[in-house]
Each structure stands twice: as C-alpha cells, then as structure tokens.
Amino acid sequence: MSAFMTSFRTSARSLRDIRVLTGTALFCALYMILSMFNIYFTPTLRITFGFLAMAASCYFYGMAPNLIGAFICDFLGWALHPDGAWFPGYALNAMFQAAVYSAFFYQMKELKLWKVLAARLLVVLVVNLVLNPLWLSLMYGDSFWVLMTARIVKNIIMYPIDCFMLVMVLRLCVKLKQQRG
C-alpha cells in the first residue's frame, strides 16, 4: 500500500509540470480520436479503442493527471457526440480505468504480461460487466441481467484481442521511455 501511495504522491506532484499536463492533454486528444472509431453491435454494445491511449498516458504520467484527464475526456466525449443526457456514472468508469491502469503500469520498468492481463481483466469485470450494464439499466430501464449477458460474450471474445493490443502499445511505451532516459 505504501508503494501505491508513493506512486500517487509522485504523480500528484507532477501536476505542476507543464510537460506532464501537455502530455496528458495530448493523450486525451488521442483518446478522443480513438474513441470515435467504434464498432457497434447494438445501440448499447460497442467495441472501442480509446483505452489504449488511456493506458499509455497512465504508463507515462500516473494516476493524478489521468484521473482528471479521464473525467475531462468523458465530458468532452459526451459534448462532441451527445447520446442523451450526460451521466456521471460513465465519468466514474473512465476514472476507475485510469486508476487501474495507473496502479498497474505507472513507473513500470519492464513490461510484465501478468500486469497487462490483470489490469485489463479488472477493467472488464468491474466496468464492462458490472458498471456499464448498471448505468444503462438505471438510465433506460432495461434489465441489468440482459445487458450483462450480452456483454459477457463480447468481453470473452475481446479480452485476448484487447490484451494483445495493450501489450503492443505498452511495449512501444517502454521502448520510448528507455530511449528518453
């Protein structure tokens, strides 16, 4: 727990650094661009690629800047493509993802496959299979179990694909960080 708190304090202190704020903002822009390229199966079931930019940003800048960035990205994403009223639950989803990716990837010296698998699994279980169906159920009155069942199949199929893409992105991040010194 003390390593986690030290990591959080380090990333919180970095909020004063203009390079961290600029880098986080650039990753937020990349997140917004990647989130525009969705594959829709139903109006409430889609595949998106924005998590790759979020994970890379969390690798470089840590939790504090990315919690703020995730909230802003969620709001801007809704403002640019409103599909109904803004719902704060989705901002919590984005912030949870940023917290998980930061906890697993920030200050990681070398890529560890178990960290990628565990981080993505945690996001899939909590956000994709529980929180998203819960928010949709609250917003639209659909059955939570029906929404969750549809997501189980999608997430079983997408989990290895998402992990593969995440490994490729994080390999590049590790290489860039090593070159930068």
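Everything numeric here is computed off the predicted structure, so don't read it as measured data. (Residues numbered from 1 in each chain as written. Predicted model: local features only at pLDDT ≥ 70, side-chain atom pairs only at ≥ 80, totals over all residues. Heavy atoms only, no water.)

**Thoughts on the overall build of the protein chain**
- Per the secondary structure count, the protein chain includes seven helices and two strands.
- Starting at the N terminus, the α and β elements of the protein chain follow one another as α-α-β-β-α-α-α-α-α.
- By the compact-globule yardstick of 16 Å for 181 residues, the protein chain fits well, its C-alpha radius of gyration being 16 Å.
- For the protein chain, the spread of C-alpha atoms along the three principal axes comes to 50 × 30 × 30 Å.
- Across the 181 residues that make up the protein chain, the buried fraction comes to 44%. (Helix = DSSP H or I, 4+ residues; strand = E, 2+ residues; numbered from the N terminus. Rg over C-alpha atoms; globule rule 2.2 N^0.38 Å. Buried < 20%, exposed > 50% of the residue type's maximum accessible area, 1.4 Å probe, protein only.)

**Quick word on the side chain of Arg120**
- Among the secondary structure elements, Arg120 is positioned in helix α6 (residues 113-140).
- At 2.7 Å, the side chain of Arg120 and the side chain of Tyr101 are in polar contact.
- With sequence-adjacent residues up to four places away left out, Arg120 is seen in contact with Phe51, Tyr101, Asn128, Tyr159, Asp162, Cys163 and Leu166. (Polar contact = N/O pair within 3.5 Å; in protein donor to acceptor, adjacent residues only side chain to side chain. Contact = heavy atoms within 4.5 Å.)

**Things to note about empty space enclosed by the protein**
- One pass over the full model with this rule turns up two cavities of 30 Å³ or more.
- As a volume, the largest cavity reaches approximately 70 Å³.
- Lining the largest cavity are Thr24, Phe27, Cys28, Tyr31, Met54, Ser57, Asn66, Gly69, Ala70 and Cys73.
- Taken together, the residues of the lining of the largest cavity sort by class into six nonpolar, four polar and no charged.
- One number sums up the size of the second largest cavity: a volume of about 40 Å³. (1 Å grid on protein atoms, 1.4 Å probe; cavity = no way out; pocket = protein on both sides within 12 Å on 5 of 7 lines; lining within 4 Å. Points joined across faces, edges and corners; volume = space filled by probe spheres on them. Nonpolar A, V, L, I, M, F, W, Y, C, P; charged D, E, K, R; others polar.)

**Considerations on the layout of surface pockets**
- Space inside the largest pocket adds up to approximately 1,300 Å³.
- In terms of lining residues, the largest pocket is bounded by 41 residues, among which Tyr40, Arg46, Thr48, Asp74 and Tyr90 are the most central.
- For the lining of the largest pocket, the secondary structure elements donating two or more residues are α2 (18-36), β2 (45-47), α3 (50-61), α4 (63-80), α5 (88-105), α6 and α7 (144-180).
- With eight residues, α6 is the single largest residue contributor to the lining of the largest pocket.
- Of the residues that constitute the lining of the largest pocket, the class distribution is 22 nonpolar, twelve polar and seven charged.

Just geometry here; none of it tells us what the structure is for.
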